[in-house]
Amino acid sequence: MEFNVKKLASDAGVFFSRAMQFTEEKLGQAEKTELDAHFENLLARADCTKNWTEKILRQTEVLLQPNPSARVEEFLYEKLDRKVPSRVTNGELLAQYMTEAANDFGPGTPYGKTLIKVGETQRRLGAAEREFIRSASISFLTPLRNFLEGDWRTISKERRILQNRRLDLDACKARLKKAKAAEAKAAAEHELRLTQTEFDRQAEVTRLLLEGISSTHVNHLRCLHEFVESQTNYYAQCYQFMLDLQKQLGSSKGEIFSGTFVGNAESASPAAATSPPTVAAATLPAVPTIPVVPTIVGMPNTVAEGVLNPNEVKPPASGTRRARVLYDYEAADSTELALLADEMITVYSLPGMDPDWLIGERGNQKGKVPVTYLELLS
């Protein structure tokens with residue numbers, strides 16, 4: 001008990017001495033031991049690393065999980081050292097709704113078939129997003145958190161100890177200056193040597209930790225490359241999924257709308273039979289238009305009948321345009337023209353042709369091409 005009281009009194013005296021030294025320094029009444037320029041640069045670099053690592057970490061978390069409530073929930077599970085429950089992504093939830101809607105509308109109807117196709121793509125997008133979040137969390141977020149919760153805490157602790165050692169050293173210097181008697185000076189000099197040794201030892205420990213920030217940068221650089229690779233793979237998957245979906249919808253759109261219009265024409269009056277193309281134009285997405293050659297009376301309308309012989313197709317005297325291909329396109333049958341991205345082709349429309357398709361020519365090759373894969377040029 002006696003030892004504890006003495007230790008408590010000693011600690012209180014040290015704390016009071018440090019507080020007095022700190023206050024006098026702030027008031028400009030006491031000298032302060034300055035660290036060398038290299039050490040100060042290391043401290044500034046460490047603080048900069050910590051601040052930007054926190055900001056990058058927080059914003060990456062927002063990128064991976066935009067929902068703040070979900071982020072709070074994941075944070076609580078992590079602090080409680082419990083496994084975060086599996087969460088359905090927005091894409092997977094949309095896929096579920098589309099599939100259920102298709103079942104209600106009829107999976108055999110044109111709308112139901114399209115809902116199922118789009119829903120399946122959304123499910124694949126959701127699964128890819130889940131994998132990207134998992135990969136980014138492991139390869140990027142975890143190393144950043146480990147630095148902030150591990151290495152940085154150690155650096156902060158040693159810096160606080162160094163600050164205390166520096167206050168003790170400057171307090172001893174002040175006492176030495178104030179000592180008058182030879183015995184007091186001797187005691188102050190002995191105490192100063194001890195505190196100087198402790199300060200130098202702590203400064204070296206702190207310096208080594210601060211120089212380790214360079215290794216931290218190298219590690220974070222490697223993690224950043226892995227994050228970019230994961231993100232690249234994710235967006236490449238999304239692009240491929242959407243490209244596949246676009247091809248499916250492009251190959252079936254003409255058939256779907258053609259079947260719909262034929263059914264309407266059979267049940268409608270002759271006057272109303274001319275209205276479906278107007279409805280189609282209002283229903284379909286807006287695409288670049290190209291002049292349509294007027295229908296010639298008595299001329300067989302092979303395109304409207306769905307039979308296209310590329311060898312029999314003749315380009316109109318006017319109305320042809322140049323077009324740049326945006327994406328690769330694989331021909332579904334012999335009536336279509338396969339396309340390669342960035343190539344230039346000549347396109348034109350024929351009487352009664354589906355507005356989503358044009359006739360494309362590349363040298364001696366001809367065939368139908370989807371408008372959504374083209375950039376029409378003047």
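All figures in this text were calculated on a predicted structure; none of them were measured in a lab.

Caption draft 1: Geometry of the overall build of the chain. Per the secondary structure count, the chain includes eight helices and five strands. Reading the chain from its N end, one meets helices and strands in the order α-α-α-α-α-α-α-α-β-β-β-β-β. Counting the 378 residues in the chain, one finds 31% classified as buried. Relative to all contacts within the chain whose residues are 6 or more apart in sequence, the contacts with residues 24 or more apart total 70%. Counting every atom, the chain has about 23,600 Å² of accessible surface; 58% of that belongs to carbon and sulfur.

Caption draft 2: Representation of helix H2 (residues 37-64) in the model. Compared with the 40 Å implied by 1.5 Å per residue over 28 residues, the 40 Å span of H2 between its first and last C-alpha is a close match. Along H2, the residues classified as buried are Phe-39, Leu-42, Leu-43, Ala-46, Thr-49, Lys-50, Thr-53, Leu-57, Thr-60, Glu-61 and Leu-64. The opening residue of H2, the one whose side-chain oxygen lies 3.1 Å from the backbone nitrogen of His-38, is Asp-36.

Caption draft 3: Quick look at the pattern of salt bridges. In this structure the tally under the stated criterion is 18 salt bridges. Note that Glu-54 is salt-bridged to Lys-50, the shortest N-O span being 3.5 Å. Within this pair, Glu-54 and its partner Lys-50 are both found in helix H2, separated by four residues, close to a single helical turn. With a relative accessible area of 28%, Glu-54 lands in the partly exposed category. Here Arg-134 and Glu-131 are joined by a salt bridge, their closest N and O atoms 2.7 Å apart. With Arg-134 and Glu-131 both in helix H5 (residues 110-178), this residue pair falls three residues apart, about one helical turn. For Arg-134, a relative accessible area of 45% gives the class partly exposed. Ionic contacts of the salt-bridge type, sharing partners, join the residues Asp-36, Glu-204 and Arg-207 into one network.

Caption draft 4: The arrangement of the packing of aromatic side chains in detail. For the structure shown, the criterion picks out 10 aromatic pairs. Seen in terms of ring centroids, Phe-147 and Trp-152 are 6.4 Å apart; in terms of plane orientation they differ by 50°. Their pairing is tilted. Note on accessibility: Phe-147 and Trp-152 belong to one class, buried. Judged by centre distance (5.2 Å) and plane angle (45°), the ring pair of Tyr-234 and Tyr-235 falls under tilted. These aromatic residues form a ring-pair network of at least three members: Phe-132, Phe-140, Phe-227, Tyr-234 and Tyr-235. Cation over ring: Lys-368 sits above Trp-357, and NZ or CZ is 5.4 Å from the ring centre.

Caption draft 5: Spotlight on the confidence of the model for the chain. Predicted confidence across the chain gives a mean pLDDT of 81, with 78% of residues reaching 70 or more. pLDDT under 50 marks residues 257-290. Its contacts with residues more than four places away, or in other chains, come to 20 contacts. pLDDT under 50 marks residues 292-306. Its contacts with residues more than four places away, or in other chains, come to 16 contacts.

Caption draft 6: Inspection of the environment of Leu-337 at higher detail. Structurally, the position occupied by Leu-337 is in the loop between strand E1 (321-325) and strand E2 (344-348). Between the alpha carbons of Leu-337 and Pro-370 there is a distance of 9.4 Å; along the sequence they are 33 residues apart. With residues near it in sequence (within four places) discarded, Leu-337 still touches Tyr-329, Ala-331, Gly-360, Glu-361, Arg-362, Gln-365, Lys-366, Gly-367, Lys-368 and Val-369.

Caption draft 7: Summary view of the side chain of Thr-53. Locating Thr-53 in the fold gives a position in helix H2. One polar contact links the side chain of Thr-53 to the main-chain carbonyl oxygen of Thr-49, over a distance of 2.5 Å.

Caption draft 8: Quick peek at a nonpolar patch on the surface. On the surface, Val-88, Leu-93 and Tyr-97 cluster together into a nonpolar patch covering about 290 Å² of accessible area. Along the chain, the position of Tyr-97 falls in helix H4 (residues 90-105).

Caption draft 9: Quick peek at the nonpolar core. Residues Phe-39, Phe-132, Phe-140 and Leu-210 are the most contacted members of the largest nonpolar core, which totals 30 residues. Of all the secondary-structure elements, those providing two or more residues to this core are H2, H5, helix H6 (182-211) and helix H7 (213-267). For this core, the leading source of residues is H5, giving 14 residues. In this structure Leu-210 touches Phe-39, Leu-42, Leu-43, Ala-46 and Ile-155, once residues within four positions along its chain are discounted. Counting 19 residues, the second-largest nonpolar core is a separate cluster that includes Leu-243, Leu-339, Tyr-348 and Leu-350.

Caption draft 10: How the structure looks around the sheet that holds strand E4 (residues 365-370). Here we have five strands laid out as an open sheet, ordered E4-E3-E2-E1-E5, and antiparallel in their pairing. Strand pairing shows two members of the sheet lacking a second neighbour, E4 and strand E5 (374-376), which therefore form its edges. The sheet shows a mean angle of 40° between the axes of neighbouring strands, taken without regard to direction. Pairing of E2 with strand E3 (residues 357-362), which is carried by three bridges, proceeds in the antiparallel orientation.

The rules behind each value
- Residues numbered from 1 in each chain as written.
- Predicted model: local features only at pLDDT ≥ 70, side-chain atom pairs only at ≥ 80, totals over all residues.
- Heavy atoms only, no water.
- Helix = DSSP H or I, 4+ residues; strand = E, 2+ residues; numbered from the N terminus.
- Buried < 20%, exposed > 50% of the residue type's maximum accessible area, 1.4 Å probe, protein only.
- Contact = heavy atoms within 4.5 Å.
- Areas by Shrake-Rupley, 256 points an atom, 1.4 Å probe, with all protein chains shown as cover.
- Expected span 1.5 Å × (residues − 1).
- Polar contact = N/O pair within 3.5 Å; in protein donor to acceptor, adjacent residues only side chain to side chain.
- Salt bridge = Lys/Arg side-chain N within 4 Å of Asp/Glu carboxyl O.
- Phe/Tyr/Trp six-rings, centres within 6.5 Å; stacked < 30°, edge-to-face > 60°.
- Lys NZ or Arg CZ within 6 Å of the ring centre and 35° of its normal.
- pLDDT = per-residue confidence, 0-100.
- Patch = residues over 30% accessible without salt bridge, like charges linked within 9 Å, V, L, I, M, F, W, Y side chains within 5 Å.
- Core = buried A, V, L, I, M, F, W, Y, C linked by side-chain atoms within 4.5 Å.
- Pairing = 2+ DSSP bridges.
- Axes fitted to C-alpha atoms, helices over the stretch in contact; angles between N-to-C directions.

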